[in-house]
Amino acid sequence: MDRLSTGIEELDRKLSGGYPVNKVTLITGIAGSGKTIFGIHFIYKNCLEGRKCMIIATEETPEDILYQASLLGRDLTPYYESGQLIIENIFENRSEIIGQTRYGFKPESRILKFPIL
């Protein structure tokens, strides 16, 4: 079975070379458990190998992710700027959707006017 490196040598050894190719792997955990750090290593390794990559950002902005990657010594900025790495920012989209009611408008746009009697 073909495998993709996780970007972490010790983990690759335990996973017989990495993640299976063309399979979905879900990484879950509580806040602060290392999911983003883990993902940065994986994305960086695969960008280095010339693969086109995508991050779906649900809690961080693209700028946050790029900054965190640089702190880990994994500069993703050149890949992001070239288009090899896409960071789909659903953080803002999700915030906008949450701000809407089931009637399709934001609560702050509902101004009720009562006649003065």
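As the structure is a computational prediction, the values presented were derived from the model and not from experiment.

What counts, and at which threshold
Residues numbered from 1 in each chain as written. Predicted model: local features only at pLDDT ≥ 70, side-chain atom pairs only at ≥ 80, totals over all residues. Heavy atoms only, no water. Phe/Tyr/Trp six-rings, centres within 6.5 Å; stacked < 30°, edge-to-face > 60°. Helix = DSSP H or I, 4+ residues; strand = E, 2+ residues; numbered from the N terminus. Buried < 20%, exposed > 50% of the residue type's maximum accessible area, 1.4 Å probe, protein only. Expected span 1.5 Å × (residues − 1). Pairing = 2+ DSSP bridges. Patch = residues over 30% accessible without salt bridge, like charges linked within 9 Å, V, L, I, M, F, W, Y side chains within 5 Å. Areas by Shrake-Rupley, 256 points an atom, 1.4 Å probe, with all protein chains shown as cover. Salt bridge = Lys/Arg side-chain N within 4 Å of Asp/Glu carboxyl O.

### Points about the packing of aromatic side chains
Inference 1: Tallied over the full model, the rule gives 3 aromatic pairs.
Inference 2: Here tyrosine 19 and phenylalanine 42 contribute two aromatic rings whose centre-to-centre distance is 5.6 Å and whose plane-to-plane angle is 70 degrees, an arrangement assigned as edge-to-face. A residue pair is termed long-range when its members are at least 10 positions apart, and tyrosine 19 in strand 2 (residues 19–20) and phenylalanine 42 in helix 2 (residues 35–48) qualify at 23 residues.
Inference 3: Residue tyrosine 19 is classed as buried on the basis of its relative accessible area of 12%.
Inference 4: With relative accessibility at 22%, the residue phenylalanine 42 sits in the partly exposed group.
Inference 5: Ring geometry for tyrosine 44 against tyrosine 79: centres 6.4 Å apart, planes inclined by 80 degrees, an arrangement best described as edge-to-face. Taken together, the residues tyrosine 44 in helix 2 and tyrosine 79 in helix 4 (residues 77–82) connect sequence positions 35 residues apart. For the pair shown, tyrosine 44 and tyrosine 79 are each scored as buried.
Inference 6: By the ring-pair criterion, three or more aromatic residues cluster together here, those being Tyr19, Phe38 and Phe42.

### Quick look at helix 2
Inference 1: When the terminal C-alpha atoms of helix 2 are compared, their 20 Å separation across 14 residues agrees well with the 20 Å that a helix rising 1.5 Å per residue should span.
Inference 2: Taken residue by residue, helix 2 has Phe38, Ile40, His41, Ile43, Tyr44, Asn46 and Cys47 as its buried positions.

### Remarks on the pairing of strand 4 (residues 85–89)
Inference 1: Residues of strand 4 alternate between two faces, with Leu85, Ile87 and Asn89 buried on one and Ile86 and Glu88 left unburied on the opposite face.
Inference 2: Note that strand 3 (residues 53–57) and strand 4 share 5 bridges and pair parallel. Bridged to methionine 54 within strand 4 is isoleucine 86.

### Overview of a nonpolar patch on the surface
Inference 1: There is a patch of nonpolar side chains on the surface, built from Met54, Ile56 and Ile86 and spanning about 270 Å² of accessible area.
Inference 2: Relative to the helices and strands, methionine 54 resides in strand 3.
Inference 3: Residue classification places methionine 54 among the partly exposed positions, given a relative accessible area of 46%.

Nothing here speaks to function; it is all geometry.
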